[in-house]
Amino acid sequence: QLQASGGGLVQAGGSLRLSCAASGRTFSSYAMGWFRQAPGKGREFVAGISGGGTSTSYAASVKGRFTISRDNAKSTVYLQMNSLKPEDTAVYYCASGKSYYVSSGYDYWGQGTQVTVSS
């Protein structure tokens, strides 16, 4: 089970930190990722991190603004989002899988958390 939290309403330029608590799988054995889906759009890969936390991947649209990290002792993955823009508005989902750097590498999804960035 994956439970995302930390979403909310923030002004452009602000920051939010999303968390995703995992259970039911050996957390450190799986890559973790964040995806988002804006109204009327398809699901978009945002960021991924390897099981050991040593490798990360980011979408070009968030690189340099967002940081993914994980705490395997707490079975939790985080997404620190800085310099938020209105176009970052979406429902954000966490996911787990075997390959951190490709969308097709994820096979288990949690429920999302809404992020709204006002201009």
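Above this text you will find the structure in question.
Below is a summary of the structure that appears in this document. Along each chain, numbering runs from 1 in the same order as the chain's sequence is written. Reporting in this predicted model follows two pLDDT cut-offs: at least 70 for local features of residues, and 80 or more for side-chain atom pairs to be given and counted; totals over whole chains, interfaces and linings ignore these cut-offs and use all residues. Only hydrogens and water are removed before side-chain values are computed, so all heavy atoms of the structure are retained for them.

### Looking at the sheet that holds strand S1 (residues 2-5)
Logical step 1: Spatially, the four strands line up as an open sheet ordered S1-S3-S8-S7, and their pairing is antiparallel. Edge strands, defined here as strands with exactly one partner in the open sheet, are S1 and strand S7 (66-71). The mean angle between the axes of side-by-side strands here comes to 15 degrees, regardless of whether they run parallel or antiparallel.
Logical step 2: Two strands qualify as a pair provided that DSSP identifies no fewer than 2 bridges between them. Strands here mean DSSP runs of E at least two residues long; helices mean DSSP runs of H or I at least four residues long; both are numbered from the N terminus. Where S1 and strand S3 (residues 16-22) come together, four bridges link them in antiparallel fashion. Only the contacting stretch of a helix is used when fitting its axis, a line to C-alpha atoms as for every element, and angles between N-to-C directions run 0 to 180 degrees.

### Some remarks on the pattern of salt bridges
Logical step 1: Definition used for salt bridges: Asp or Glu carboxyl oxygen within 4 Å of a side-chain nitrogen of Lys or Arg. Going through the model one piece at a time under the given rule, you end up with three salt bridges.
Logical step 2: Across the pair Asp88 and Arg36 runs a salt bridge, and its minimum N-O distance is 2.9 Å. Here the residue Asp88 occupies a position in the loop between strand S8 (76-81) and strand S9 (90-97), and Arg36 occupies one in strand S4 (residues 31-37), the gap between them amounting to 52 residues. Here Asp88 and Arg36 have matching classes, each one buried.
Logical step 3: Each member of the salt-bridge network shares a partner with another, and the members are Arg36, Glu44, Arg65 and Asp88. We call a residue buried when its accessible area falls under 20% of the maximum for its residue type, exposed when it is over 50%, and partly exposed in between, using a 1.4 Å probe and counting protein chains only.

### Here's the deal with the side chain of Ser96
Logical step 1: Looking at the element boundaries, Ser96 is found in strand S9.
Logical step 2: A relative accessible area of 3% means that Ser96 is categorised as buried.
Logical step 3: Excluding its chain neighbours within four sequence positions, the residues that come into contact with Ser96 are Leu2, Arg25, Tyr30, Ala31, Met32, Tyr106, Asp107 and Tyr108. Should any heavy atoms of two residues lie within 4.5 Å, those residues are counted as being in contact.

### Brief notes about the state of the cysteines
Logical step 1: In this description, the term disulfide denotes a pair of cysteine sulfurs within 2.5 Å. According to the stated counting rule, one finds one disulfide in the structure shown.
Logical step 2: Shown here is the disulfide that connects Cys20 with Cys94, its sulfur atoms set 2.0 Å apart. Disulfide Cys20-Cys94: the torsion about the S-S bond is 50 degrees, which places it as right-handed. Linking Cys20 in strand S3 with Cys94 in strand S9, this pair joins segments that are 74 residues apart in sequence. Of the two residues examined, Cys20 and Cys94, each falls in the buried class.

It is worth stressing that arrangement in space is one thing and function is another; only the former is reported here.
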